[in-house]
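Residue-level structural notes
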Amino acid sequence: MAAPKKGRGPSGGQGRPGRALALILIAMVALAGGMFLSGHTTPRLGIDLAGGTSITLKAKSQPGKPDAINPTNMDTAVSIIERRVNGLGVSEAEVQTQGRDNIIVNIPKGTNSKQAREQVGTTAQLYFRPVLTVTAGQATPTDTASPSASGSAKPSASPSNKETASGSKATPSASATTQGRAVTGALTKDTSPSASASGAPKASASPSASVDPATAELQKRFAALDCSTKAGRAKAGANAKPTDTTIACSSEGDAKYVLGPAEVSGTDVDSAKAAIDQQRGMWIVQMDFTDKGSKKFQQITSKLSQQQSPMNQFAIALDGEVVSAPQVNETLSGSAEISGSFTQQSAQDLANVLSYGALPLSFDEDTVTTVTAALGGEQLQAGLIAGAIGLALVVIYLVAYYRGLALIALLSLLVSGILTYTLMSLLGPAIGFALNLPAVCGAIVAIGITADSFIVYFERIRDEIRDGRTLRPAVERAWPRARRTILVSDFVSFLAAAVLFIVTVGKVQGFAFTLGLTTLLDVVVVFLFTKPVMTLMARTKFFSGGHPWSGLDPKRLGAKPPLRRTRRVNAPTDPKEA
């Protein structure tokens, strides 16, 4: 007697649904744990929901410079704009590139939108100013602000104190001192070659008799200036005109300056580039001036080269912040180089600032959106209500049409919602993702996409039952066909989201990003949760027995009776007669 043939078992791990469920459970616990440990338990809200100002800047092509719009120039512009936004005293502001030629500036609520547009939209100002005084960046006690014969205040060492401006063949001086000067002495002292070697005012001078009120006020502000804080650096030199004597901080905040009126502007610089000096093995910045700028630079360097330190320095001030303050040892004209303790990156950064006079590109305001906090809260509430209504309609449809199968669909939607929420909360601090109103719309659309995957699978199972199969074989036979349909459908949705994300800018990208993310999660949930749970449910009596409320009742589905093979009986034939 021949042994019975063994049936072919379920393939692809379908007979072990517990593994898939354990995997997705571990993922959920890990994401939720990371969310709570990071302290970011809610998604970051965009400007349209939290309130604030969003400005989209579009770079303009430069005449004669077809390659001006490139990643390097865009990053330089982002850095400058970010420094200007921070100068408004704004916290949690965002400045980032988007696409090839767009910069998005998001400024949260509590900021003067008009002032923000003026600061972001206008071109930054670059000036060369003579240094009158330099000291350490911390606030100076009141009693030390008066003139002293020693002038012993010393700033901390920084690259700006060690940089030297020279001609192409000049050797930088390594012995320059960084000794500071008293403020009143620097302002009242004539900036002529007859300055004393010590650079300090005479001890017998009476400040009360020789200092005018404006100088006394500047002296007071300089003593109180603390460049070690962001707020202090933002206030230094605010609203100063090019013709004013002003105070400023170094970009690192380790030194503060009293600067004379601007002698050369950024528009007088023709070009600048970073290069490595092969002989000295160090990075330098080479700059060339226009004809008009060359004459101005020759005049100022002729005066500065005869002064004692620190009055032989000129400060390169960008928006009132000193990015470099090299010393001058000789008269310079058409071209010059700045040498010091540069790295390749710092030399390139300074060259970009000098070459473009501030922003490396011109920008147009593409869009400006200002949303009050109250309006943002109303829009968020409206979005949540719309999502709740959409979810409620889906639940009503599932319960009315699929009955018991609706439980599996609702559990799958719950798992998808948990994964989506935790990922959005974590992506905020990780990549700067902000949940805006279009993103909420994308999440609402995702409810329908996810429910559609369940419907495809459930209908395949019902088709198998209508053909006369029992539930457990129907679940396994329906899966390969449903799987192909789900993957093709989700691929089309993800492709549409990816194209939309690439070709659009601004808030529409929030919709595309959320749609793409939830589409990927739909695949994960269907494969690792919905299918395994359906396999387990098929083993229960409620579903396998075809209960009327299971949604799989063969009678309600109009199932055919199972096909049974019958032995063919040959019809009797009459015997043939011989």
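Shown above is the structure to which this text applies.
Here the structure is a predicted model, which is why all the values come from computation and not from measurement. (Residues numbered from 1 in each chain as written. Predicted model: local features only at pLDDT ≥ 70, side-chain atom pairs only at ≥ 80, totals over all residues. Heavy atoms only, no water.)

Some words on the overall build of the protein chain
Secondary structure assignment for the protein chain yields 18 helices and 15 strands. Per-residue burial for the protein chain yields a buried fraction of 43% across its 578 residues. Partitioning the intrachain contacts of the protein chain with sequence separation of at least 6 by distance along the chain shows that 76% fall at a separation of at least 24. Carbon and sulfur atoms provide 57% of the accessible area of the protein chain, an area that totals close to 30,000 Å². (Helix = DSSP H or I, 4+ residues; strand = E, 2+ residues; numbered from the N terminus. Buried < 20%, exposed > 50% of the residue type's maximum accessible area, 1.4 Å probe, protein only. Contact = heavy atoms within 4.5 Å. Areas by Shrake-Rupley, 256 points an atom, 1.4 Å probe, with all protein chains shown as cover.)

Topic: the packing of aromatic side chains
Counted according to the given criterion, the structure contains 14 aromatic pairs. Taking 5.6 Å as the distance between ring centres and 40° as the angle between the ring planes, the aromatic pair formed by Phe 128 and Phe 314 counts as tilted. Of the two residues, Phe 128 sits in strand β4 (residues 126-136) while Phe 314 sits in strand β11 (residues 314-318), which places them 186 residues apart along the sequence. For the pair Phe 128 and Phe 314, one class covers both residues: buried. Between Tyr 402 and Phe 458 the ring centres are 5.5 Å apart and the planes differ by 55°, which places this aromatic pair in the tilted class. In this pair, Tyr 402 is assigned in helix α12 (residues 373-402) and Phe 458 in helix α14 (residues 437-466), connecting sequence segments 56 residues apart. The class of Tyr 402 is buried, set by a relative accessible area of 0%. One aromatic cluster in this structure is built from Phe 128, Phe 289, Phe 297 and Phe 314. If you follow Arg 403 out to its NZ or CZ, it ends over the ring of Trp 549, 4.4 Å from the centre. Its end group placed over the ring of Tyr 401, Arg 462 keeps NZ or CZ at 5.1 Å from the ring centre. (Phe/Tyr/Trp six-rings, centres within 6.5 Å; stacked < 30°, edge-to-face > 60°. Lys NZ or Arg CZ within 6 Å of the ring centre and 35° of its normal.)

Some points on the packing of helix α1 (residues 17-38) against helix α16 (residues 508-537)
Interhelical geometry of α1 versus α16 gives an angle of 140° and a closest axis separation of 9 Å. The angle between α1 and α16 falls in the class oblique. Here the hand of the crossing between α1 and α16 comes out left-handed. For the pair formed by α1 and α16, the contact residues are Pro 17, Ala 20, Leu 21, Leu 23 and Ile 24 on the first element and Val 524, Val 525, Leu 528, Phe 529, Pro 532, Val 533, Thr 535 and Leu 536 on the second. Grouping the constituent residues of the contact of α1 with α16 by class yields 12 nonpolar, one polar and no charged. (Axes fitted to C-alpha atoms, helices over the stretch in contact; angles between N-to-C directions. Parallel < 35°, antiparallel > 145°, perpendicular 65-115°, else oblique. Left-handed = near helix turned anticlockwise from the far one by under 90°. Nonpolar A, V, L, I, M, F, W, Y, C, P; charged D, E, K, R; others polar.)

As for the nonpolar core
By size, the foremost hydrophobic cluster in this structure holds 47 residues, and its most contacted members are Leu 405, Tyr 457, Phe 458, Ile 461, Leu 471, Met 534 and Leu 552. Elements with a minimum of two residues in this core: α1, α12, α13 (405-431), α14, α15 (471-503) and α16. For Ile 461, the residues in contact, after removing those within four places along its chain, are Leu 471, Ala 474, Val 475, Ala 478, Met 534 and Leu 552. By size, the runner-up hydrophobic cluster in this structure holds 24 residues, among which are Phe 314, Ala 336, Phe 342 and Leu 350. (Core = buried A, V, L, I, M, F, W, Y, C linked by side-chain atoms within 4.5 Å.)

Description of the pairing of strand β7 (residues 255-259)
With five of five residues buried, β7 is to be regarded as a mostly interior element. Hairpin connection, strand β6 (residues 246-250) to β7: the antiparallel pair is bridged by four residues, and Gly 253 has positive phi, about 80°. (Pairing = 2+ DSSP bridges.)

Some thoughts on the pairing of strand β1 (residues 52-60)
By the criterion of burial, β1 is predominantly enclosed, with seven of the nine residues buried. With nine bridges joining them, β1 and strand β15 (residues 362-371) adopt antiparallel strand pairing. Looking across to β15, one finds that Ser 54 is bridged to Thr 369.

So, the packing of α14 against α15
At a minimum axis separation of 8 Å, α14 and α15 run at an interaxial angle of 145°. α14 and α15 meet at a crossing whose hand is right-handed. Grouping the constituent residues of the contact of α14 with α15 by class yields 12 nonpolar, four polar and six charged.

Focus: a nonpolar patch on the surface
Taken together, the side chains of Val 488, Phe 491, Val 492, Leu 495, Val 499, Phe 501, Ile 502 and Val 503 make up a nonpolar region of the molecular surface, amounting to roughly 800 Å² of accessible area. In this fold, Val 488 is placed in helix α15. (Patch = residues over 30% accessible without salt bridge, like charges linked within 9 Å, V, L, I, M, F, W, Y side chains within 5 Å. Salt bridge = Lys/Arg side-chain N within 4 Å of Asp/Glu carboxyl O.)

Structural notes on the environment of Arg 469
Structurally, Arg 469 can be placed in the loop between α14 and α15. Sequence separation between Arg 469 and Ala 559 is 90 residues, and the spatial gap between their C-alpha atoms is 8.6 Å. Residues contacting Arg 469, with those up to four places away along its chain left out, are Glu 464 and Arg 477. Side chain to side chain, Arg 469 and Glu 464 meet in a polar contact 3.0 Å long. (Polar contact = N/O pair within 3.5 Å; in protein donor to acceptor, adjacent residues only side chain to side chain.)

Concerning helix α10 (residues 291-304)
Since there are 3.6 residues in each turn of an α-helix, residues three or four apart along the chain are aligned in direction. Its 14 residues give α10 an end-to-end C-alpha distance of 20 Å, which sits within 8% of 20 Å, the value for a rise of 1.5 Å per residue. Along α10, the positions that sit buried rather than exposed are Gly 293, Ser 294, Phe 297, Ile 300, Thr 301 and Leu 304. For α10, the buried positions fall inside an angular range of 140° around the axis, keeping them on one side. With respect to the buried face of α10, the exposed residues turned more than 90 degrees away are Asp 291, Lys 292, Lys 295, Gln 299 and Lys 303. Looking at the buried positions of α10, the neighbouring elements they touch are β4, β8 (264-265), β10 (282-289), β11, β13 (327-328) and β14 (335-339). (Expected span 1.5 Å × (residues − 1). Arc of directions from axis to C-beta.)

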